[in-house]
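Understanding the architecture of this molecule
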Amino acid sequence: MQVEPMMPALSPDRVRLPFAFDVARLRADLAAVDCDWIDHLVRQNYEGNWSVLPLRHVAGATHPVMMIYPDPAATDLVDGPLLARPPYFRKALAQSRCPLHAVRLMRLTPGSVIKPHRDHDLAAEWGTARVHVPITTNPDVEFLLNGTPLAMAPGEAWYLRLADEHAVANRGTADRVHLVIDCVVDDWFTAMLRDAA
């Protein structure tokens with residue numbers, strides 16, 4: 001079923017944002033927290049190993065499953081214990097001047113596939129945006145958004161309208177790990193998105 005935005009699109013379905021992060025520092029922070037990955041909750045959307053580490057989550061969540069769930073209705077979110085360790089992740093997140101929702105590391109291992117699907121609440125037009133910052137990837141990762149490939153390099157930041165159909169395949173030999181940031185679309189984010197587009 002096609003889901004149409006309730007408002008006109010603020011931007012194209014993909015926009016490279018005006019941030020550039022230090023890849024070596026991102027990877028050092030990833031190494032500092034690289035343990036106890038939690039399988040993604042929606043098993044029907046993938047084959048292989050798609051897993052998550054929560055960095056920011058709903059206040060009061062203590063069970064790992066609740067810590068990785070990006071509840072779109074939540075209004076009280078807190079930095080999780082993993083975010084206390086990696087200083088560069090905190091510095092990267094501080095560059096955002098809009099309120100942050102869930103922040104997670106998401107890993108897709110070699111040979112794994114995220115099937116075509118839509119995240120119906122993730123469109124800037126609806127007030128919540130998802131930003132991807134690749135940390136590790138390889139040339140054989142294919143990310144399709146609306147059937148069109150998108151290459152994202154480590155250290156770049158991308159807004160993706162994921163209410164649209166998207167799919168990912170890691171056909172390479174290295175993990176693909178992204179810092180994934182959900183945020184409130186306020187005036188600052190809207191202006192940045194329009195300027196970047």
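Everything discussed here concerns the structure shown above.
Quick summary incoming for the structure in this document.

About the criteria used
- Residues numbered from 1 in each chain as written.
- Predicted model: local features only at pLDDT ≥ 70, side-chain atom pairs only at ≥ 80, totals over all residues.
- Heavy atoms only, no water.
- 1 Å grid on protein atoms, 1.4 Å probe; cavity = no way out; pocket = protein on both sides within 12 Å on 5 of 7 lines; lining within 4 Å.
- Points joined across faces, edges and corners; volume = space filled by probe spheres on them.
- Helix = DSSP H or I, 4+ residues; strand = E, 2+ residues; numbered from the N terminus.
- Nonpolar A, V, L, I, M, F, W, Y, C, P; charged D, E, K, R; others polar.
- Salt bridge = Lys/Arg side-chain N within 4 Å of Asp/Glu carboxyl O.
- Buried < 20%, exposed > 50% of the residue type's maximum accessible area, 1.4 Å probe, protein only.
- Core = buried A, V, L, I, M, F, W, Y, C linked by side-chain atoms within 4.5 Å.
- Contact = heavy atoms within 4.5 Å.
- Pairing = 2+ DSSP bridges.

With that settled, consider the layout of surface pockets. Considered as a void within the structure, the largest pocket measures approximately 490 Å³ in volume. Every element with two or more residues in the lining of the largest pocket is listed here: strand S4 (50–58), strand S6 (100–108), strand S7 (113–117), strand S8 (128–136), strand S12 (166–170) and strand S13 (176–184). For the lining of the largest pocket, the leading source of residues is S6, giving four residues. Taken together, the residues that form the lining of the largest pocket break down as 16 nonpolar, seven polar and seven charged.

We now examine the pattern of salt bridges. Taken as a whole, this structure holds eight salt bridges when the rule is applied. A salt bridge links Glu-125 to Arg-161, with the shortest nitrogen-to-oxygen separation between them at 3.9 Å. Pair noted here: Glu-125 is in the loop between S7 and S8 and Arg-161 is in the loop between strand S11 (156–160) and S12, with a separation of 36 residues, a long-range link. Glu-125 gets classed as buried once you look at its relative accessible area, which sits at 3%. The structure contains a network of salt bridges with shared partners spanning Glu-125, Arg-161 and Asp-164.

Our focus in this paragraph is the nonpolar core. Side chains that are nonpolar tend, in soluble globular proteins, to be buried together. In this structure, Leu-17, Phe-89, Leu-105, Leu-179 and Phe-189 are the most contacted members of the largest nonpolar core, which totals 36 residues. Those residues in contact with Leu-179 that lie beyond four places of it in its chain are Leu-55, Phe-89, Val-103, Arg-104, Leu-105, Val-131, His-132, Val-133 and Ile-135. Counting 19 residues, the second largest nonpolar core, distinct from the first, contains Ile-38, Ile-68, Phe-143 and Leu-162.

Moving on, we get to the sheet that holds S12. With antiparallel pairing, five strands are arranged side by side in an open sheet as S3-S7-S12-S9-S10. Looking at the sheet topology across the chains shown, the edges are occupied by strand S3 (46–47) and strand S10 (148–150). The pairing of S7 with S12 spans three bridges and is classified as antiparallel. From the neighbouring strand, Val-113 faces S12, where its bridge partner is Ala-169.

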